[in-house]
Every structure is written in structure tokens, then in C-alpha cells.
Amino acid sequence: MIRRVGVVGFGQTHHRSRNTECNGQELIAVAVRRALESAELTMADIDAIVIGNMDHFESINNVDMWSVDGSGGYMKPIMKVTTGGTTGSAIGHAGFYHAASGLFDTVLVIGWEQNSESDTTAAISTCFDPITERDFTAGAIGPLAAQYTAYMNKYGATEEDAALVSVRDHNNAASYNPYAHLRQTVTVEDVMKSAYVSYPIKLLDMCPRSDGACAVIFAAEQKARKIVDKPAWILGVGDCHILVHLADGIGLASLPSLEIAAKQAYKMAGIIEPFRQFDVAELYIPASTAGVTWMEALGLCDEGKGPGLIRGGMTDMGGKLPINPSGGVLATNPIGATGLLRIGEAAFQVMGKAEKKQVPGAKVALATGFGGCFWSDVTVLSSTTHLE
Amino acid sequence: MDRVAIVGVAQTKYQSYNPASHAELSYEVTRDALEDAGMTIEDVDNTVTVCNDFWDGRTISSMAITEATGSHRVPTTNVEGDGTYGALMGLMRILSGHHRVTLVVAQSKASEGIPSVITNAMFDPLYERMLGIDAVSSAALQMRQYMSKYGVTEEQCARVSVKNHRNARNNPYAHLPLDISVEDVLRSRILADPIKLLDASPVSDGACAIVMADESVAKKRGKRAVWIEGVGHCADAYHLGDRDLGESPALEAAARRAYGMAGVSDPMKDIDVAELYDAFSYMELMWMEGLGFCHQGEAGAVIDRGVTEMKGRLPVNPSGGVLSAHAVQVAGLARIAEAVLQLRGEAGARQVDGAKMALAHGIEGACGQGHCVFVLGR
């Protein structure tokens, strides 16, 4: 028997570059309290907890155990899931499976990161093979840069196209999202004039790393209906963690893992025409360049047609398919929370609770996660249990 | 709960140093568990890996074994914690109805790290870590509290070590099969008073994999399918000072949940064999109490009476337990694998005759802050 699962609550911290007022447990507690408040629940209603982050950013081992003072996990079932950049979406999916299994009715999922505690690129670089790859200390930026160079060559996309994505997401954050880390209004010219980080990616094309936490509450159908009038039903989940060695060749101009994960999630949800069926999307775009290139992997446009959607304003607020009303990852990136923020923001859109970020009448939403070694997670959410 | 079975298990031999890479260890158990299940990788529709960035010295440590476990081709996730938690995640994926066959793989190469530094990192970075406290010294506090609260003696704890190392002589996978006496344990080098060398588990390199399947797939495996009857997990408070270290309320809660699902009312009577996470000798005694095999403080007397010996009423750790092979993260999954072999009647020289219901247990964090309990049946 398939048990339907919905999102019933969502909370987040005010994200920033360095949060000196809170330690990690306190950051977590803020997000948890806000998620509980949003669903009018207390910790007594929570049956199980899933938590995730990336160990080397804070250097705390056994975070599931360490976190209980902030997570409310004292004398509760709690487990940790971590998959790198996809951690946030992976814990979201783990929360879904907790509730879908029938073992737990109401599940609290927490993603967090206090990136100011470490050197982010140094910590990321240890993900590579210690013998053949680690010496390059590639971090996350270089491979994304190589990908956009290949895409520009193949399809005639430009650096300005990427700048348009940066403008869209930064300005959405500045206009609509009080929780965002970077709330600055930028122009294409600002982006183009910002310093190169790794050609063709410039400073304003790249996501920051943030201190912050996010909590999302999942509930099995019967419980979900009692908690809120309109849960955000999880209609589809998919994930694909396919690549291990950079030297194997990233499907350079595209993102094969995203295509595969989307296929899984769309099949489960019954999404046939993504661009038409989705009303809003919260995409894990670590660099503006990916905002141009990855829409095709999601089936939102044909191969090489990403720049057209961006130039035409189709993904802006008020466009046919608004992408990242929250400002997305370019504005806010507490890494272990980032993928979960996408799910939480997408859920609030279809629940009609996105406030200033709200896309009017949004019913079906897409959320993605990215990380690991060009890995992808995809989630489909809807205000109805079946797609029209 | 819908019925889910474990249809394949595999372990490497555990040893202090294995030159194989993380991926090679993982591949070995993936291949062997699938063979044990009579399956190929094509039959697996999702995977769960169990990797820890600290122990593996690598961020996104699951990347290292993605290919070796076939995880690049199906939905996958990585649980960071004891292997029992990985098995629980795998179980939930099947129970959701969205997956039918889950491969769970845990691996560890502690030989590449410094255990005291790694386990020091689970303590509070501001208030506790600079004390140098680690898994061994925190366990010493717990052993002292447990002994002083209930009058359990160092000899009784030593008896656990003697029993388990002796049992390990029947286990071809064990790292430390030993023929030792209580005297040997008591005279062994003190690591952190009152824990002596032979009260402590080694750290081992090794891996374990299990294949789980839904009822329709598992039924085709006939008697080799071992059913998951119940599961529970729970966490206690974080700071050692917030806990009574002589008690394990989180284990009691986890066991209560697992027993409720499995219909276990009298654990000592209903369960035929138990594989417990005895990272230190005293832990086996404490966990027996938490699991309701005896009342609080009585486990010392229980071991004195030989109840948990191979020929006793409730053999505990016929495999030699964690004291005889401790690949961190792997060890709880290995408890499940051993319980499966017992229920299949395939445990060789360590077989408990006629075992019909088995318990497997894992711990997480310092001094068993978290526990995960599986009840398995034939």
C-alpha cells in the first residue's frame, strides 16, 4: 500500500554569512521552533527526526547525537543522513520515506550548516579521491565553470545569460525574502563587472556559503489533514548520484543525473509536460550558469534553449514559470539546509503560505537538490493529491 | 507493518589493517551479499550506504563507494551512523511501497585514522573536547557509574570479554578470537580506569552488506528469508552530565517499540539469541538490562550463572560480538547479519540450535546515547 505524505510545516533562520549569536544547536532550535509554529504543533507531536549537514564544515562528529538539545530529539528516534550538497534534499526524501513507511506519522526534518566555522572550499576538496584527485583542490566552482564554457561553445549562450539568472535570483531575494542571506539588488552590469572567480563564473554568479538552518515537517496523509487544511503533497521523489571521478567526464554541457532524477520523480508524480504543469520551481542552482543550462535536464525546455527562456523573462516573477521566488541558492546557502529550503519554499508556494514570495495560485511545484559529485535530487509537490 | 525480509548477507573478515580501499571492501560485500541472495545488481532497485566523513577522512564519504555498491544506477542515500540505522532506512524505503529490494552497505577503515581524535570530535567543541575525552575515557566514566550504582564488579565485566573472545574462535570473520581468562582481562593494561585493554573492542577494517526485500520477492527465497518483526530507535541526552550513565532509557524506549511491533512480551523467553553492540565489556551487561533481559543491576549475576554462554538460555554474541571485531559503523549491521545467519541455521560452529527469534542491536554516539534495536524472526 502506498501511503501519501504531505509537508505540513516549514521554518528557517535568518541566514547570514556569520551568525555569532547562535551556536549550531541554537540555530537548529530556531528553525525547529518556527517550523512547529507554522504547523501549530509542539515537539510532543513529533514522532521521529531526520537531521543532516556536512561534517567537515563544523568538525562535529555524530551530529544526530550532538544536536538533540536543539532538535528536540531527546528521547526520540533520530537519525542522520548526509550526501554532500544534496544533503538537504536527501533528508527531505528520508523524511518522506519515514512517513511513507508507516513507522512514523509526523516527522521533523532538519538541515543546517554553520559554514563560517570552516574554509568551505578546503572542506569540499577532501571529497575527491585522496590519491588521484585531491591535490587539485578543485572545490565546487571549477567544474561548474568548465560546464558553462562547454555550454556556451555548444549552444551560443553568453555570460550575460548567466548574469540575467543572477539578477533574477538576487532581486527576488532582495524584494521578497526576509530570511535570505544576500538581499542586494543587482544589475546585469554589476554581475558582468564583478571579479572572475573561475572563468566564466564571476563573484555575483556564484552562491555564497551561509550560516543557517531549515526545518520541514512531513506527515502521513491522515495526520497531515488534521494538522493543516492544505498540506503540500509529495507526489514524486527521485535521486541520482551517478558520478564519482571527475576525470570520467561530466556530461559537460548538461547534467545527466538531474535528467535521470527528474524522470524518476515525474514518473511517480505523473508529470508529462513539466513546463506547462509546474507553476513554480525552487531549483538548487549553485551558480547562475547552471540556471541557464539545467532547465533542459528538467525537461523545462529543449536542448540548448535555456537562454531563450531566461532572455524572455519566462522564469521571472510574473512569468510563465517563476523560478526561485525565494532568491534560491545564489542568495542563501547553508549547505546542509540548502536542498531542504527548496522543498520548504516549494511546499509553502503550493500551500499558499509564501507571503511576499507567493506565486499567485501556485498548485504544482518543483524542488531540486544538487551536490555530491554532480548528483541530483528532485521533488514534486502539489496542493492536490492528484495532478489535473 | 508490511512484511520485509533480509534475503542476503555478507561480511568481510575483520582485521586491524586491510590494504583494500573503501570501494574494494564495499564491492566485496556487495558482490557476496547479492550472491547470498541469489540475485544480481540488476535486482536491486535502491541502495543505502553507511559512511562517516570523520572515519573515512573524506567529505561526502559515500562518493568513494557509489560505484562499488551499484548506487550510481538507482535511488540511493547515505546514513551516517551505526549500520543498524542504515538498515532501518532501507526498511523504510521498502515499506513505502516505492521500492522492493534494498542493498545496505556499511564499511570502515579505522586503520587510516586516529580513533581517539575522531571520537573526541563527537564531544562539545567548547566545553568538553579540550579535556581529551574520547570513546574510551567516556566509557570509563559510564563503567564506573554502572558498577558503583549496582555493585557490578570488574570480574563480571571481564567475564563478558572472556565469553565473547572465546565465541569469536567459532567465527571466521572475527578480528580477535582469543582464549583468555578473567585474570588475563583484569591484568591487562589499563586504558582508562576501570577499562582495561581486554575490556575494550579493537578497531577493525571491514564491511558488511545486507539485501532486504518486500514480501513478494522474499517469499521466492523460501527459508533463507529472515523477517523483520520489529524495529525501534531512540536518543538520550547529549551531554554526559545530563544523563545517568548507569541507565539506558533510550535503549528501553527503542526496545519497547521493537518488542511492541514484534509481539515480544517476555524478551528472555521469546528471544533465542542476541547480538549486542558490546564496544566495551560492561556494555553487554548494561544493554541486557536496557533490553529487558533482566532487571536493572542484575546482568552481573546473569553472566555469573552462564545464562549468556553458548549453551545458556540466551546466548549473547555467539559471533564474539563487537569486542572481537569492531569496524565502526559496520558493527551494528554485522549484528544483523549474524542474527540472520543464526535464524537460517547457517551460523556454523557458532550456531545456536533452533533459533527462531533473534535480536540485533546498534549504538550511536558516546556511551550509547542512541540505540537501534531490530527483532528478526524465521
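Residues numbered from 1 in each chain as written. Chains lettered and ligands numbered in written order. Predicted model: local features only at pLDDT ≥ 70, side-chain atom pairs only at ≥ 80, totals over all residues.

As a further point, take the domain arrangement of chain A. Residue and element names in this part refer to chain A. Each assigned domain of chain A is listed with its residue range as follows: domain 1 (5–121 + 210–233) and domain 2 (123–208 + 235–382). Summarising the inter-unit geometry, the C-alpha centres of domain 1 and domain 2 are found 22 Å apart. Between domain 1 and domain 2, the residue contacts involve 42 residues of the former and 41 residues of the latter. Counting residues per element, the side of domain 1 that touches domain 2 draws most heavily on helix α5 (residues 87–100), which supplies eight residues. In terms of residue class, the side of domain 1 that touches domain 2 is built from 14 nonpolar, 23 polar and five charged. (Domains from an automatic or database assignment. Contact = placed C-beta atoms within 7 Å. Helix = DSSP H or I, 4+ residues; strand = E, 2+ residues; numbered from the N terminus. Nonpolar A, V, L, I, M, F, W, Y, C, P; charged D, E, K, R; others polar.)

With that settled, consider the sheet that holds strand β10 (residues 364–371) of chain A. Residues and elements named next belong to chain A. Taking strand neighbours across the sheet as the criterion, the nine strands line up as β3-β2-β4-β7-β1-β8-β11-β10-β9 in an open arrangement whose pairing is mixed. In the strand order of this sheet, the two ends are held by β3 (78–80) and β9 (280–282), each with one partner. Averaged over all adjacent pairs, the angle separating strand axes in this sheet is 25°, with direction ignored. When β9 meets β10, the two strands line up parallel, connected through three bridges. Note that in β10 the partner of Ala281 across the bridge is Leu366. This element, α5, spans β1 (5–12), β2 (48–52), β4 (106–114), β7 (211–220), β8 (232–240), β10 and β11 (375–382) of the sheet and lies at about 165° to β2. Contacts from helix α16 (residues 335–351) reach β1, β2, β4, β7, β8, β9, β10 and β11 within the one sheet, and its direction differs from that of β10 by about 175°. (Pairing = 2+ DSSP bridges. Axes fitted to C-alpha atoms, helices over the stretch in contact; angles between N-to-C directions.)

Further remarks concern the nonpolar core. Note that soluble globular proteins tend to have their nonpolar side chains buried in a common cluster. Ranked by internal contacts, the top residues of the largest apolar core, which has 277 residues, are Val216(A), Leu381(A) and Ile210(B). Per-element tally for this core: the top contributor is α16(A), with 10 residues. Split by domain, the residues of this core number at least three in each of domain 1 (5–121 + 210–233) and domain 2 (123–208 + 235–382) of chain A. Those residues in contact with Val216(A), other than ones at most four positions away along the chain, are Val7(A), Gly9(A), Phe10(A), Ala35(A), Gly92(A), Gly95(A), Val109(A), Leu340(A), Ile343(A), Gly344(A) and Ala347(A). (Core = buried A, V, L, I, M, F, W, Y, C linked by C-beta atoms within 7 Å. Buried ≥ 20, exposed ≤ 12 C-beta atoms within 10 Å, placed from the backbone.)

The next point concerns unusual backbone geometry. Each neighbour pair has its own omega, and for Tyr199(A) with Pro200(A) the value is 5°, a cis peptide bond. Considering the arrangement of structural elements, one finds Pro200(A) in the loop between β5 (196–198) and β6 (201–202). In this chain, Asp193(B) is followed by Pro194(B) through a cis amide linkage whose omega measures 10°. Its identity is not glycine, yet Phe374(A) carries a phi of approximately 60°, on the positive side.

Residue and element names in this part refer to chain B. Direction vectors running N to C along helix α3 (residues 83–95) and helix α14 (residues 331–344) enclose 65°, while the axes themselves pass 5 Å from each other. For the element pair α3 / α14, the angle class is roughly perpendicular. For the pair α3 and α14, the contacting residues are Gly83, Thr84, Gly86 and Ala87 in the first and Ala331, Gly332, Leu333, Ala334 and Ile336 in the second. Residues of the contact of α3 with α14, tallied by class, amount to five nonpolar, four polar and no charged. (Parallel < 35°, antiparallel > 145°, perpendicular 65-115°, else oblique.)

A few words on helix α1 (residues 22–37) of chain B. All names here are of chain B. Compared with the 22 Å implied by 1.5 Å per residue over 16 residues, the 23 Å span of α1 between its first and last C-alpha is a close match. Residues His22, Leu25, Ser26, Tyr27, Glu28, Val29, Thr30, Ala33, Leu34, Asp36 and Ala37 constitute the buried set of α1. Gly38 sits one or two residues past α1 and shows a positive phi near 65°. (Expected span 1.5 Å × (residues − 1).)

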